[in-house]
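In case you want the letters, here they are:
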Amino acid sequence: MESVTENSVMKIRTLIVEDEPPTARFVRNLVEREQEFEVTEMCESAEAAVHVLEKNPELELIITDIRLAEMSGLELLKKVRQADREIRLIIISGYKMFE
């Protein structure tokens, strides 16, 4: 499932879903510090992420905020699982508790 780069280092192709651009950039910087990850897509909504996933079956990891405008990170997780995608998912939150 992992991609091969020019240096033959396997990288996990990652999608970040975050509706606040400064937070999205922060998460991207954290993820890309690790050699094993490559952020290939970023979306500001779960709806956009669904479309990106449909067009990019090679994506292997989603990092998503739990609270997004029209569809939450948990709803995105359900859609991904309904599509039977074998993809890893990390949900992040700036809140103390999930509602």
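Numbers given for residues are sequential positions, taken from 1 along each chain in its written order. Totals for whole chains, interfaces and linings use every residue, but because this is a predicted model, local features are given only for residues with pLDDT of at least 70 and side-chain atom pairs only at 80 or more, for both listing and counting. Just so you know, side-chain values use all the structure's heavy atoms and leave hydrogens and water out.

(A) Highlighting the pairing of strand E4 (residues 61–65). When accessible area is computed with a 1.4 Å probe and restricted to protein chains, residues below 20% of their type maximum are described as buried, those above 50% as exposed, and intermediate ones as partly exposed. Working definition: helices are DSSP H or I runs of at least four residues, strands are E runs of at least two. Numbering for both runs from the N terminus. With five of five residues buried, E4 lies mostly within the body of the structure. Two strands are said to pair when DSSP picks up at least two bridges between them. Sheet topology places strand E2 (residues 10–17) next to E4; four bridges connect them, and they run parallel. Paired with Thr14 across the two strands is Leu61, which belongs to E4. The sheet contact formed by E4 and strand E5 (residues 88–92) spans five bridges and is parallel. Counted as the bridge partner of Ile62 is Leu89 from E5. Since E4 and E5 lie parallel, the crossover through helix H3 (residues 73–82) that links them has a hand, and here it is right-handed. Handedness of a crossover is defined as follows: with both strands directed away from the viewer, a clockwise route from the first strand across the helix to the second makes it right-handed.

(B) Inspection of helix H1 (residues 21–32) at higher detail. A helix is expected to reach a length of 1.5 Å times the quantity of its residues less one. In a regular helix each residue adds 1.5 Å, so 12 residues correspond to 16 Å; H1 covers 16 Å between its end C-alpha atoms and thus fits that length. Burial in H1 covers these residues: Ala24, Val27 and Val31. All buried residues of H1 fall inside an arc of 65° around its axis, so they share one side. Turned more than 90 degrees away from the buried face of H1 sit Pro22 and Phe26, all of them exposed. Any two residues whose heavy atoms approach within 4.5 Å at even a single point are treated as in contact. In the core, the buried residues of H1 are packed alongside E2, strand E3 (37–43), E4 and E5. Note: the arc covers the axis-to-C-beta directions of the helix.

(C) Structural context of the pattern of salt bridges. The term salt bridge refers to a side-chain nitrogen of Lys or Arg lying within 4 Å of a carboxyl oxygen of Asp or Glu. A complete count under the given rule lists two salt bridges for this structure. In this structure, Glu60 engages Arg13 in a salt bridge whose closest nitrogen and oxygen atoms are separated by 3.2 Å. Taken together, the residues Glu60 in the loop between helix H2 (46–55) and E4 and Arg13 in strand E2 connect sequence positions 47 residues apart. Like Glu60, the residue Arg13 is buried in the burial classification. Across the salt bridge formed by Glu32 and Arg28, the nearest N and O atoms sit 3.4 Å from each other. With Glu32 and Arg28 both in helix H1 and four residues apart, the pair spans about one turn of that helix. Using a relative accessible area of 36% as the deciding quantity, one classes Glu32 as partly exposed.

(D) Up close: H2. All of the buried residues along H2 are Ala46, Ala49, Val50, Val52 and Leu53. The buried residues of H2 occupy an angular sector of 165° when the element is viewed end-on, so they sit on one face. Along H2, the residues that are exposed and aim more than 90 degrees away from the buried face are Glu54 and Lys55. Tucked into the core, H2 has its buried residues touching E2, E3, E4 and H3.

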